[in-house]
Amino acid sequence: MSTRKVLTLASMVAMLFSPAVFSAGTASDAMDNSFQVLGESLDSGLGDLSPSYTAAEFQRYRVAGESLDSGLGDLSPSYTAGEFQRYRVAGESLDSGLGDLSPSYTAAEFQRYRVAGESLDSGLGDLSPSYTAAEFQKNQLVASR
């Protein structure tokens, strides 16, 4: 076999296996398209932590009666932020910014008419009715024998 044919064959084999190689890496994990295997655990990057580790150095202890400063200063307990409350009036309608539209206006020029039996082309071509896109489903379990 000539060198050119061997290289062509090797290239074709590499291209056939490339989807499997690229779907198993960190790029796949970043896109959250990875397959999950029964019993699989992901590395948290924290190393080997003791099962008794509680992250106590990051725990915040609260004191009875403690209150955190909201940064709003000393507000009266009766303050209700009334200046930000919106009062509604019975029968009120807000201006939509569309001006005076006739009550019979239906925006017909923006309506999409559908034809009985119409189907939109998904661009996927003719797929079998039984096709389920299983290769893209999350949380697949791999059965072992």
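Residues numbered from 1 in each chain as written. Predicted model: local features only at pLDDT ≥ 70, side-chain atom pairs only at ≥ 80, totals over all residues. Heavy atoms only, no water.

Observations concerning the overall build of the protein
Here's step 1: When you go through the protein residue by residue, the secondary structure sums to 2 helices and 0 strands.
Here's step 2: Burial analysis of the protein (145 residues in total) assigns 4% to the buried set.
Here's step 3: As presented, the protein carries roughly 14,400 Å² of accessible surface, and 58% of it is formed by carbon and sulfur atoms. (Helix = DSSP H or I, 4+ residues; strand = E, 2+ residues; numbered from the N terminus. Buried < 20%, exposed > 50% of the residue type's maximum accessible area, 1.4 Å probe, protein only. Areas by Shrake-Rupley, 256 points an atom, 1.4 Å probe, with all protein chains shown as cover.)

Digging into the confidence of the model for the protein
Caution applies to low-pLDDT regions: their predicted coordinates should not be interpreted in detail.
Here's step 1: Per-residue confidence for the protein gives a mean pLDDT of 75, with 79% of residues at or over 70.
Here's step 2: Overall, residues 25-30 carries pLDDT values under 50, and its contacts beyond four positions in sequence, including any with other chains, amount to 5 contacts. (pLDDT = per-residue confidence, 0-100. Contact = heavy atoms within 4.5 Å.)

Observations concerning unusual backbone geometry
Here's step 1: Here the phi dihedral of Ala 55 falls at roughly 60 degrees; this positive angle occurs in a residue that is not glycine.
Here's step 2: Take Ala 55: it is sitting in the segment after helix H2 (26-30).
Here's step 3: One non-glycine residue, Ala 133, lies in the positive phi region at around 55 degrees.

Quick look at a nonpolar patch on the surface
Here's step 1: Taken together, the side chains of Met 1, Val 6, Leu 9, Val 13, Leu 16 and Phe 17 present a nonpolar region at the surface, about 670 Å² in accessible area.
Here's step 2: Topologically, Phe 17 is positioned in helix H1 (residues 3-22).
Here's step 3: By relative accessible area, Phe 17 is classed as exposed at 53%. (Patch = residues over 30% accessible without salt bridge, like charges linked within 9 Å, V, L, I, M, F, W, Y side chains within 5 Å. Salt bridge = Lys/Arg side-chain N within 4 Å of Asp/Glu carboxyl O.)

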